[in-house]
Amino acid sequence: MNSQHYIKRRDTLLDRLPDNSVVILFSGIAHKASADSEYPFQVNTNFYYLTGIKQENSALVVAKIDQERFTYLFVDPFDELKEKWTGRKLKPDQATKISGINNVLFSDHLTSKLDDLLRDGSTYGEVEHVFLDLEKELYIAKKVTTEEYKQELDQKYGIEVENIFNEIIKMRMVKDEDEIKALKASINLTNKALNILMKSIKDGMYEYQIANLFEYVIKDQKAGLSFPTIAASGPNATILHYVDLQNKMQDGQLLLLDLGANLTDYRADISRTYPVAGVFNPLQRQIYEIVLAANKAVIDFIRPGLTIAELQAFTIELMAAKLLEADLIKSKDEISKYYYHNVSHHLGLDTHDQSLRELKLEPGHVITVEPGLYFANLGIGIRIEDDVVVTAEGCINLSNDIIKEVKDIEKFMKRK
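So, here's what we can say about the structure. (Residues numbered from 1 in each chain as written. Predicted model: local features only at pLDDT ≥ 70, side-chain atom pairs only at ≥ 80, totals over all residues. Heavy atoms only, no water.)

Once that is clear, we can look at the packing of aromatic side chains. For the structure on display, the rule yields eight aromatic pairs. Each ring, one from Y338 and one from F375, has its centre 4.3 Å from the other, and the planes form 15 degrees; the classification is stacked. Placement of the pair is Y338 in helix α12 (residues 335–338) and F375 in strand β17 (residues 372–375), with a sequence separation of 37 residues. Across this residue pair, the class does not change: Y338 and F375 are buried. (Phe/Tyr/Trp six-rings, centres within 6.5 Å; stacked < 30°, edge-to-face > 60°. Helix = DSSP H or I, 4+ residues; strand = E, 2+ residues; numbered from the N terminus. Buried < 20%, exposed > 50% of the residue type's maximum accessible area, 1.4 Å probe, protein only.)

Structure follows, in structure tokens:
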């Protein structure tokens, strides 16, 4: 994305807010892992969505006062010693080029700038609304969350701070053409890697070897992972967030892969299930076809005006009926034993993209479609997940090129 995208998004946000409003957002900080080590820093995506800046300990202030607009970006100053340890920081001109914000100040000036904006008798004019992103456990400094910062601002300026989270999320839920292209690029790279994986799966390989191969292909393209790869063989595939990856794959088992490339900051999220031997046995195929039918039916069912809850109800009804028909369950109520997750979530800058799930689907929403069936007693777990964008008429499957038909998988995996 270029700076014009971020300028437009900030303007759109201010358009939605009443006059005499100030919004304060933070990029966040790295979290402590143990001793003096920290988890890798992950920027708050609401902040990133409006700035394009990924640097920790940064802040954004946007204001609309007496219909005049002001924007300030705060970044850490140059520190020669710190840069020797942790790498280079953005210089003000670099931050301006990325974000389109001309007023770039150092982080230690944030407090004084807020004093200028919010104190009584400010030359900017009277501020009536102050907004923070009050997402739970969002840390902006060591041991300081935005909720705690809200209390500090409430007391200091006598203004009841409001939550901007929902307004930003409503914007993020509707992707524009450039965001869709970015998602498609990550999905295409995921497809490329899956084709390499399918040719590599064989009896005796360890699950972690497949996950490592996927990571190598992705990183070789200067991309990252959307999330830690799940490579679950046999009964491990009935564990939704299986992370051990220590089992040796065997002919006769299925391998469930849940993975995605992050090439563009917009993350792919794809699940596919493959036979280790390259061929499904009859029972595996029967269950696979039920999941595949649900996957296709939900994609055909999606349209503006539905909710994700309605997609889930549709999925449960359909798979329960098909399992009854196949004599794999005795009553519809048994479906909860074998299907125990949601069929969809929003997708974008986060794998589980922030969303207001009660809202109806509308054009531009990008969601997953991921029905699954998990029979621990049979050692069979199957999930088929695609990424789709809602349109005025229905939806478009962005991952349509990733093969999922039994005949196509078996043909592609055919052993010489």
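Past the structure itself, the notes keep going.
The strands that make up a sheet are held in pairs by hydrogen bonds between backbone atoms, and each pair lies either parallel or antiparallel. The sheet built from three strands is open, its strands ordered β12-β13-β15 with antiparallel pairing. Of all strands in the sheet, those with a lone pairing partner are β12 (230–233) and β15 (270–275), marking the two edges. Neighbour-to-neighbour, the strand axes of this sheet turn through a mean angle of 15 degrees, independent of strand direction. (Pairing = 2+ DSSP bridges. Axes fitted to C-alpha atoms, helices over the stretch in contact; angles between N-to-C directions.)

The next thing to look at is unusual backbone geometry. The phi dihedral of K222 falls on the positive side, at around 60 degrees, and the residue is not glycine. Here K222 shows up in the loop between α9 (207–220) and β11 (224–225). One non-glycine residue, D327, lies in the positive phi region at around 60 degrees. Structurally, D327 is set in the loop between α11 (308–325) and α12.

Side-chain pairs of opposite charge can arise whenever the charged atoms involved come near each other. The final tally for this structure, using the stated rule, is 22 salt bridges. For R172, the salt bridge goes to D350, with nearest N and O atoms at 3.2 Å. Of this pair, R172 sits in helix α7 (residues 165–173) while D350 sits in the loop between α12 and β16 (366–369), and the two are 178 residues apart along the sequence. Each member of the pair, R172 together with D350, is buried. The shortest N-O distance in the salt bridge between K175 and D353 comes to 2.8 Å. Placement of the pair is K175 in the loop between α7 and α8 (177–200) and D353 in the loop between α12 and β16, with a sequence separation of 178 residues. Through salt bridges that share partners, R172, K175, D350 and D353 make up one connected network. (Salt bridge = Lys/Arg side-chain N within 4 Å of Asp/Glu carboxyl O.)

On to the packing of helix α10 (residues 282–301) against α11. Remark: α10 packs on α11, axes separated minimally by 10 Å, with the N-to-C direction vectors making an angle of 145 degrees. In terms of crossing hand, the pair formed by α10 and α11 is right-handed. Touching I290, A293, A294, A297, V298 and F301 of α10 are E310, L311, F314, T315, L318, M319, K322 and L323, all from α11. Broken down by class, the residue content of the contact of α10 with α11 amounts to eleven nonpolar, one polar and two charged. (Left-handed = near helix turned anticlockwise from the far one by under 90°. Contact = heavy atoms within 4.5 Å. Nonpolar A, V, L, I, M, F, W, Y, C, P; charged D, E, K, R; others polar.)

Turning our eyes to something else, we now look at the pairing of strand β5 (residues 68–75). Note that strand β4 (residues 59–65) and β5 share seven bridges and pair antiparallel. From the neighbouring strand, L60 faces β5, where its bridge partner is L73. Here β4 folds back onto β5 in antiparallel fashion, the turn holding two residues, of which D66 has a positive phi close to 50 degrees. As paired strands, β5 and strand β6 (residues 104–106) are joined by three bridges and run parallel to one another. Bridging across to β6, F74 finds its partner in L105.

On to the nonpolar core. By size, the foremost hydrophobic cluster in this structure holds 103 residues, and its most contacted members are L257, I302 and L373. Look past the residues within four positions of L257 in its chain and what remains in contact with it is L194, L197, I210, I230, A231, I270, S271, R272 and Y274. (Core = buried A, V, L, I, M, F, W, Y, C linked by side-chain atoms within 4.5 Å.)

Let us look at the pairing of strand β1 (residues 21–26). In terms of burial, β1 is a largely internal element, six of the six residues being buried. Side-chain alternation along β1 places S21, V23 and L25 on one buried face and V22, I24 and F26 on a second face that is also buried. Judged from the four bridges that link them, β1 and strand β7 (residues 129–132) form a sheet pairing that is parallel. When the bridges of β7 are listed, V22 appears paired with V130.

Bringing the side chain of T307 into the picture now. By the secondary structure assignment, T307 is in the loop between α10 and α11. Once residues within four sequence positions are removed from consideration, T307 is found in contact with E358, L359 and K360.

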